[in-house]
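Listed below, chain by chain, are the residues.
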Amino acid sequence: MFDSGVGGLAVARALRQAAPDEHVLYFADTAWFPYGPRPAAEVRKRAFAIAHRLLEEEAKLIVVACNTASAAALAELRQAFPAVPFVGMVPGVKPAAARSRSRHVVVLATEGTFDGGLFERVVEEFGRGALVSRVVGRGLAEAVERGEYEAPSTRARVRELLAPEVTRGADTVVLGCTHYAFLAPVIRDEFPSIEVVDTSEAVARRALDLLQAADACSPGPGGLSIIASLDPEGFRARASRLGVIPQREEATR
Ligand code: DGL
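Residues numbered from 1 in each chain as written. Predicted model: local features only at pLDDT ≥ 70, side-chain atom pairs only at ≥ 80, totals over all residues. Heavy atoms only, no water.

## Concerning the sheet that holds strand β5 (residues 104–109)
Line of reasoning, step 1. Reading across the sheet, the 4 strands line up as β6-β5-β7-β8 and stay open at both edges, with parallel pairing between neighbours. Each of the sheet's edge strands pairs with one partner strand only, and the pair in question is β6 (131–136) and β8 (195–197). Looking at each pair of strands side by side, their axes are set apart by 25° on average, direction ignored.
Line of reasoning, step 2. Summarising the sheet, strand β7 (residues 172–175) and β8 pair through 3 bridges and their orientation is parallel. Following the sheet pairing, Val174 is matched in β8 by Val197. (Pairing = 2+ DSSP bridges. Helix = DSSP H or I, 4+ residues; strand = E, 2+ residues; numbered from the N terminus. Axes fitted to C-alpha atoms, helices over the stretch in contact; angles between N-to-C directions.)

Set out below in structure tokens:
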């Protein structure tokens, strides 16, 4: 599994819960964080380098636990490694459009996730004609990476970004960046009437389904190891604060 930082740990945590016998190797690309504002070609290059590294470690399935990297590279990864099952992240427009009573949903994501064709296709295919507003969560992934999930400045930023859409009638917010899963409590607190759609658990379940279908489940024991491209000790400390405790960590580029 990989992400630019701590965001994908929400998916790692869900997968550890759903499949405790599996070993999750988590690559945090901290040297290249944040992915959101980078050109797609650059993110794609990192995704390929990381996929190679995970396959060297004998990964049997790769979860691209990052919406930005999924938008930039998921199709290309599948094409380049046809024997490897990939599970990617796509903003949960489908469940949001199904649940929204006002028919107005907001997708909160990075600029990279909105660029390119993947997001457009999802809205077209699953939007059910609902109004889908895009809000770039500028600064939010950085706040989460710094551990400031509940800081007054983060709270203020969440309010500033979402209030205009809520005022216009949006009743559902899609967390379109894995980092934002850790902001769900603050979003619910600031906007109690808003429905928050987080696909971390659905993605973990999808990974488990694929393993089961391929008869590739591990007999255990499961665990979690972390590779970080910069400051693995700092990353481990951040993961632990989020309640995700790795057994092994190392640094690599
Ligand atoms: N966690 C990543 C995502 O899901 C992006 C955060 C970043 O900008 O690196 O999009």
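So that's the structure; there's more coming.
## Focus on the pairing of strand β2 (residues 23–28)
Line of reasoning, step 1. The element β2 is largely enclosed, with a buried count of 5 among its 6 residues.
Line of reasoning, step 2. Of the strand pairs in this sheet, strand β1 (residues 2–3) and β2 are connected by 2 bridges, and their pairing is parallel. Bridge assignment links Phe2 to a residue of β2, and that residue is Phe27.
Line of reasoning, step 3. Each parallel crossover has a hand, and the one from β1 via helix α1 (residues 9–18) to β2 is right-handed.
Line of reasoning, step 4. In this sheet, strand β9 (residues 223–228) lies alongside β2 in parallel orientation, the contact comprising 6 bridges. The residue of β9 that forms the bridge with His23 is Gly223. (Buried < 20%, exposed > 50% of the residue type's maximum accessible area, 1.4 Å probe, protein only. Right-handed = clockwise from strand over helix to strand, strands pointing away.)

## Some remarks on the packing of α1 against helix α10 (residues 200–213)
Line of reasoning, step 1. Across the interface, α1 lies against α10 with an axial gap of 8 Å and an inter-helix angle of 50°. For the element pair α1 / α10, the angle class is oblique. Remark: the crossing between α1 and α10 carries right-handed chirality. Contact residues: α1 offers Ala10, Val11, Ala14, Leu15 and Ala18, while α10 offers Ser200, Glu201, Val203, Ala204, Ala207 and Leu208.
Line of reasoning, step 2. Grouping the amino acids of the contact of α1 with α10 by side-chain chemistry returns 9 nonpolar, 1 polar and 1 charged. (Parallel < 35°, antiparallel > 145°, perpendicular 65-115°, else oblique. Left-handed = near helix turned anticlockwise from the far one by under 90°. Contact = heavy atoms within 4.5 Å. Nonpolar A, V, L, I, M, F, W, Y, C, P; charged D, E, K, R; others polar.)

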